[in-house]
Structures are given as C-alpha cells and as structure tokens.
Amino acid sequence: MSQVKWKISLLFALITLTIFFSLLLSGDKFIESNGNATNATAVAGVSSENQVTYLINRLETGDRETRLNSIAELGKFGKLAANVLIERIENVEPIEAGNSSSGEIKSYMLLALLETGDERAESTLSGNFEENGASNRTAADAAGKQSQGEVPKDIMQAIETKDKAMRESLARSLNMEYGNDTDILEEALKAEEQNSTLYTSFALSKIDPEEPGNETEKLLNALKSENGYVRVAAAMALGQEKEKAATDPLLKMLTRDYPLAKYSASMALGELGDEKAIDTLMMELKNNEKDYIRSSIAVSLGKLEAEEAVPYLIERLRDSKASVRSNAALTLGRMGNESAVEPLIDVLASGKEAEGRRKDNLNANADVRKSVVLALGGIGGPKATETLTGVLTDDGEMVEVRVAAASALGNIGSPEAVSTLKMVFDNQTMNMGIRNGALLALGKTKNQEAAGVFIKKLGDKDFGVSAREALINMGEPAVEPLIENLKTEDLKIKDETALILIEIGDPRAVEPLIQAYQ
C-alpha cells in the first residue's frame, strides 16, 4: 500500500513540475511574442531605463516588425528615449523615396522622436528633411540623365525587365553550349545590378597575363578571341564601361559573328551611347533572322535615342515574333514620337476578337498589349487617351492589360484621364486589382483633389496600401491636405499621415508635425 502511495506522490510531483515548467515556458513565449509587438506591459515592473535598454536590444536583434514596433514603443518614454533615437537617426542612411528598409526605419524613428516631445525634434526633423530633399534632387537629376527626361517610370521598368530577361536568355544559351566553363559569366549576366567587374575579370582570366596593353586594350583584343564566350564577356564589359573605342569592333561582331556573340554585341552597343552604331542597328533590326537579336536591337535603339529609327520600329510592330513587337512598342513609347500612335492603336484593334475572329492573333498576346498601352501612355495626346480609356473600361480585355492602361492614363495626367481614373476607382463593381491600379495611377497625376480621395482611404483594408503609396508618389501636391489631416482624432491615421509627411520630406510639414505631437 505504501508503495502505491509513493507512486501516487511521485506522479503528483511530476504533474506539478510539468505544470510549473509549462507556465514558465508560456511566460517566456508571452514575452517573446510580445517582443514582436514590444508592448511595454510585457516588461511591467521594470524601470524605465531598463525598458528602454530592452527595446534598444530588440532594435539590434529583431525582425522588421519587431524593430518597427520597438521604435514605436520608444516614443512613449519621452526624453529618456530621445537621446537614443537622435543618435540612431543620425546613423541611418537618407530616406530613399520611402522604399528602402533604412528609409522606413528612419521614418519611424522620426515619428517616435516627435512623440517624445523633446525640444530637439524640430531641428532634427528639419535637418533630415533638408538632407532628404538634397538626396532626392540628386537622384532625380541622375534619373533624368538616364531616362531621357520625361520617360514614364513604368516604361523604364518594363524595359529594364526586358533587359534582364535578355541577359538571362544569353546566359542559358551559353550554358547549353559551353557548360560549366561559363559559370562566372552567367552569374554576371543574371545580376540585377550590372557593372563591368565580373565581365572584365572573366574575360581577362582567359587571356595570357603577359599580353601587352592596359585593361581596356586587352578587352578590345578579346573581342577577336577564338573563344566565343570570351568575346561575349569582353563585349558586355566594354558596353558597361561605355568604351566608345569598342563601337567598330562590336559592329563587326553584330554583322559577322555567331548568334550569341551578335546578341551580346547588340546589347553592348545600346550601352555605349555611340550614334555611329545607329545605321547598322537599324539594318539589323530589319534583316537579322534571329528574333532575340531583333528584340535586343529594338531596346538598344531606344537607349541611343535614335529618332530616325522610328519607322523601323513601327515596322517591327508587325514582326513575326511577339517579343520583338513588345520591345519595339516599349521603345516607341520611350521615344514619345506621335507618328507611332496610330500604328500602336492598330495593334490593339487587330488583336481584339470581332465576330469570333481576330485579324492578328499575335496581337492578342498579353505582353504585346501591355507594352502597347504603356507606349501610348508615354506618347500621350487625345487619341492615345481615348484608346486607353476604351481599354481600361473594356470588360472583355485582360485584367493585367487594363491595369497597365490605368497606369498609362496616369502618365498622361490630362483632365480626361483623371476623370476616367476616378470613375473606374469609384465603380464598386469593378475588379479590385483594376480599382487599385486606377488609384495608384491617380497618384501620378499630381492632382491635389485626388489627394483627398487617397487620404480618405488611409487605413482601408483594400486600398490603404495603395493610397499610402500614391500620396508618397504624389509628393508636394499632397502636403497641404496631409497637414490638414493631422487634426484627425484617429490616432492610428494620424501616425500614418505623419509617416507619409516624413517620407515626402517637405519643410512645410515640420511645424505642423511638431504641433500635432506636443
């Protein structure tokens, strides 16, 4: 009997210990999970100094959500946290259009500093707005040089996507032909950010180190290498270095070499910026039998701003391959030549089904149609606006094409375009993706009246994210309506409004932000 009692006692003790450790672990998990929310009550009973230290540690070790919530909690500790926040703000890179992780962290830190009520908040905010403005002006100047002035961002992004796809295509072809011998070259081709370093090191590694000449001279000689992939690497390196001495040998490659070398030469010539290449590129666009080379040449002619190539590009809208038509359309949109409007409209019309038939099945391709509508948005004008309005409101059109049409109308930004975009956004029976596209497109129009629409949608589960992005993209015209919105009694919306103003970085917002958080 005593043995039974002993066993019962032992069992009871084990159960007690199990419950104790379970509660202990649950407590740890509670603190850990609230570490993600970093609620100050999770460390109740601990001194304010220790709580600030705890939150700072979470800044160092936490994921994105933990870090942002830790920053928000720091704002509740007043002047005790202000020193830490100011120090951290000074060590974060300038906000980059609200998109970079460092920019997001900095925005939240500035908001938290406002909440502390520290007297240094105004000067810190002003200094960061000035720094951010200088950074954005520099970026805008660089973008202006790279994108030839007023080329719409969505066209440039589409062309960059094409560029990347073409490089990846070349990498795959090299792998099929040469296997592992080209691994480093393939890595360079697939890289998101292009520079000459990997291309150069690869090409030079295949050359006799005793060969005379400097690096550029060796690369120029490498264009005559017996090894095909060395010629490819050298072409890409010289293109990225914008070495105009490479123009003539690259033109010879384009017209006389084997297809993969021609492919790399066509890409490199677009990067060089030498107008001497235009005539040969136009001839190859017309006559080259490889569609991927014609596609690449279409993009390169756009980079060279070759207005004389417009008739050749218009002709390629009837190419036998969809990829060539798409690239030709995007380049026409980049150039903004009005003579392309009617041919582009014809592409859209001939790809539509009428009485069960299409005039041109290739023009029904989604990529072709998206490129064409973006091109029309880049060129603009009444006919383009009318056509894009028809595409956006056409229930029979593909959703992705309609979203692209919304973006294109946003680029045009005329009163008629704004009216259409508002109508589509207000139509609650419309596809949500299309409505979101219309909302974002309205942001591009810089229409102050539209800013009020976006502000009303802040915090909305369906459109809040798009509204926030649109207000940031709108920039200066949105500042006054956002300042007015700081008076809202909804604290969450007030914080969201403040964050947007911080990311825009307009000096007019400094004093209203200080007053809103006193």
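Thresholds, definitions, all that
- Residues numbered from 1 in each chain as written.
- Predicted model: local features only at pLDDT ≥ 70, side-chain atom pairs only at ≥ 80, totals over all residues.
- Heavy atoms only, no water.
- Phe/Tyr/Trp six-rings, centres within 6.5 Å; stacked < 30°, edge-to-face > 60°.
- Helix = DSSP H or I, 4+ residues; strand = E, 2+ residues; numbered from the N terminus.
- Buried < 20%, exposed > 50% of the residue type's maximum accessible area, 1.4 Å probe, protein only.
- Salt bridge = Lys/Arg side-chain N within 4 Å of Asp/Glu carboxyl O.
- Expected span 1.5 Å × (residues − 1).
- Axes fitted to C-alpha atoms, helices over the stretch in contact; angles between N-to-C directions.
- Parallel < 35°, antiparallel > 145°, perpendicular 65-115°, else oblique.
- Left-handed = near helix turned anticlockwise from the far one by under 90°.
- Contact = heavy atoms within 4.5 Å.
- Nonpolar A, V, L, I, M, F, W, Y, C, P; charged D, E, K, R; others polar.
- Core = buried A, V, L, I, M, F, W, Y, C linked by side-chain atoms within 4.5 Å.

A. Spotlight on the packing of aromatic side chains. All chains considered together, the criterion is met by 4 aromatic pairs. Ring centres 4.8 Å apart and planes at 55° place the aromatic pair Tyr263 and Tyr292 in the tilted group. Separated by 29 residues along the polypeptide, Tyr263 in helix α13 (residues 259-272) and Tyr292 in helix α15 (residues 291-303) bring together distant segments of the chain. By relative accessible area, Tyr292 is classed as partly exposed at 25%. Summarising the aromatic geometry, the rings of Phe425 and Phe463 are spaced 5.0 Å apart at their centres and angled 75° between planes, so their arrangement reads as edge-to-face. Of this pair, Phe425 sits in helix α22 (residues 415-426) while Phe463 sits in the loop between α24 (448-456) and α25 (464-474); the two residues are 38 residues apart in sequence, bridging distant segments of the chain. Per residue, the accessibility class of Phe425 equals that of Phe463, and both read buried.

B. Here's a closer look at the pattern of salt bridges. Overall, the coordinates contain 32 salt bridges when judged by the stated rule. For Arg316, the salt bridge goes to Asp319, with nearest N and O atoms at 2.5 Å. Asp319 gets classed as buried once you look at its relative accessible area, which sits at 1%. A salt bridge links Arg468 to Glu503, with the nearest nitrogen and oxygen atoms 2.7 Å apart. Residue Arg468 is located in helix α25, and its partner Glu503 is located in helix α27 (residues 491-504); the two are separated by 35 residues in the primary sequence. Considered together, Arg468 and Glu503 belong to a single accessibility category, that of buried residues.

C. Representation of helix α4 (residues 79-90) in the model. Taking 1.5 Å per residue as the helical rise, α4 with its 12 residues ought to reach 16 Å, and the 17 Å between its terminal C-alpha atoms agrees with that figure. Every buried residue belonging to α4 is among Ala81, Ala82, Val84, Leu85, Ile86 and Ile89, and all of these are buried.

D. How the structure looks around the packing of helix α2 (residues 48-61) against helix α3 (residues 64-74). Relative to each other, α2 and α3 sit at 155°, their axes nearing to 8 Å. In terms of orientation, α2 and α3 fall into the roughly antiparallel class. The interaxial crossing formed by α2 with α3 has left-handed handedness. Residue-level inspection shows Val52, Leu55, Arg58 and Leu59 of α2 in contact with α3, the latter providing Thr66, Arg67, Ser70, Ile71, Glu73 and Leu74. When its residues are assigned to classes, the contact of α2 with α3 shows 5 nonpolar, 2 polar and 3 charged.

E. A look at α25. Across the 11 residues that make up α25, a large majority, 8, are buried. Listing the buried residues of α25 in full gives Gly464, Ser466, Ala467, Arg468, Ala470, Leu471, Ile472 and Met474. Packed against the buried residues of α25 are α23 (432-444), α24, α26 (476-485) and α27. A positive phi of about 70° marks Gly475, the residue just after α25.

F. Representation of unusual backbone geometry in the model. With a phi angle near 55°, Lys242 is a residue other than glycine that sits in the positive phi range. Relative to the helices and strands, Lys242 is located in the loop between α11 (228-240) and α12 (247-256). Of note, the phi angle at Glu305 is positive, near 55°, even though the residue is not glycine. Examined against the element boundaries, Glu305 turns out to sit in the loop between α15 and α16 (310-315).

G. How the structure looks around the nonpolar core. The biggest cluster of nonpolar side chains holds 152 residues, and the ones touching the most others in it are Leu250 and Leu513. When sequence neighbours within four positions are dropped, the list of residues in contact with Leu250 reads Leu223, Ala235, Ala265, Ala268, Leu269 and Leu272.

H. Expanded view of the environment of Ala364. With respect to the secondary-structure elements, Ala364 resides in the loop between α18 (341-350) and α19 (366-379). Along the sequence, Ala364 and Glu353 sit 11 residues apart, while their C-alpha atoms lie 8.5 Å from each other. Filtering out sequence-adjacent residues up to four positions away, Ala364 remains in contact with Gly351, Arg358, Arg369 and Met398.

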